[in-house]
Amino acid sequence: MQGIELHAIDLMKRAGKYIRQKMDQAYHIEEKTNKSDLVTEIDQHVEDLLIKGILDKYPDHLIYGEEGRIARPETLDGTIWFVDPIDGTMNFIRQKRLFAISIAIMVEGELRYGFVYDVMADEMFHAIKGQGAYENGIRLAPLVERPVKEAIVCMNATWVTANRRIDPALLAPLVRDAVGTRAVGAASLELAWIAAGRVDGYITMRNMPWDYAGGQVLIEELGGRVGTIEGDAMTFLEQTSVLAGSHVFVSDVLTYVQK
């Protein structure tokens, strides 16, 4: 496993270069589950590039990829790469920025490595369990402990309007109490921004493991906490809610939702 982080970073940098080369050319766009859940042939090709790069060097490793270009593992046994080739596809298509490549590596059920690459800003966030978190090679400082009333929170407005996953009345007071809210549209970036100290927390009711696993390693290496909105640990094989930030922030949010 020595050097695996360098291999992952190299793969992501090469994939980012490919995206920048192709993004202004014509490409096909499809809806997956709804009009805001899109995939392009570039997403698919980038996932193929990453899969090949992983398996050429580590043929016995497993891959849990967003676009399903390879069979997903059914358990957390072995070494698993969680791969999101373009997190924030809508941003990629419409804004041509604020999207990322995200990778996490889990070994026998334990997250060991996390990577989030902001392709257009050329910002590479990475973390290794027990060795800290970094932005473009510069070590990041531990998270500042801020309660909701001092926090900038990343959260989609969906969760304070009528929806099928949470009573919007639970989070509306949190939005009123916070310093401000943001909705970037790319979960991995929102988690990386917590690590960088640009925002203080992230809340969603609907993420998959490839969305949050890379960012989870970053945040936990900086003394933070990532779990579900119910306060449970992540399970990594299914869609789930995500609550992330410093311990003070997460504990404070739980007082709003656990009523």
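Below or above, wherever it landed, is the structure these notes cover. (Residues numbered from 1 in each chain as written. Predicted model: local features only at pLDDT ≥ 70, side-chain atom pairs only at ≥ 80, totals over all residues. Heavy atoms only, no water.)

Looking now at the sheet that holds strand β4 (residues 79–87). Spatially, β3-β4-β5-β6-β7-β8-β9 is the arrangement adopted by the seven strands of the open sheet, whose pairing is mixed. In this open sheet, the two edge strands, each paired with only one partner strand, are β3 (62–65) and β9 (138–139). The pairing of strand β7 (residues 123–128) with strand β8 (residues 133–135) spans three bridges and is classified as antiparallel. Following the sheet pairing, H126 is matched in β8 by Y134. The sheet contacts of helix α1 (residues 4–22) involve β4, β5 (100–107), β6 (110–118) and β7, and relative to β6 the element is tilted by about 30 degrees. Sitting on the sheet, helix α6 (residues 209–221) touches β3, β4, β5, β6, β7 and β8, and the angle it makes with β6 is about 105 degrees. (Pairing = 2+ DSSP bridges. Helix = DSSP H or I, 4+ residues; strand = E, 2+ residues; numbered from the N terminus. Contact = heavy atoms within 4.5 Å. Axes fitted to C-alpha atoms, helices over the stretch in contact; angles between N-to-C directions.)

With that settled, the discussion passes to the packing of α1 against helix α2 (residues 41–57). Angle between the axes and distance between the axes: these two values describe a pair of packed helices. As a packed pair, α1 and α2 sit with axes 10 Å apart at the nearest point and diverge in direction by 155 degrees. Classified by the angle between their axes, α1 and α2 sit roughly antiparallel to one another. Relative to α2, α1 is oriented so that their crossing is right-handed. From α1, H7, L11, M12, A15, Y18, I19 and K22 reach across to α2, where they touch I42, H45, V46, L49, L50, G53, I54 and K57. A per-class count over the contact of α1 with α2 returns 10 nonpolar, three polar and two charged. (Parallel < 35°, antiparallel > 145°, perpendicular 65-115°, else oblique. Left-handed = near helix turned anticlockwise from the far one by under 90°. Nonpolar A, V, L, I, M, F, W, Y, C, P; charged D, E, K, R; others polar.)

Across the sheet, five strands lie side by side as β11-β10-β12-β14-β13; this open sheet has mixed pairing. Only two strands of the sheet have a single partner each, and these edge strands are β11 (180–182) and β13 (225–227). Direction aside, neighbouring strands of the sheet carry axes that sit 15 degrees apart on average. With five bridges connecting them, strand β12 (residues 201–207) and strand β14 (residues 240–245) associate as antiparallel partners. Note on β14: the bridge partner recorded for Y202 is A244. Along the sheet face, helix α5 (residues 187–195) touches β10 (152–155), β11, β12 and β14 and points at about 155 degrees away from the line of β12.

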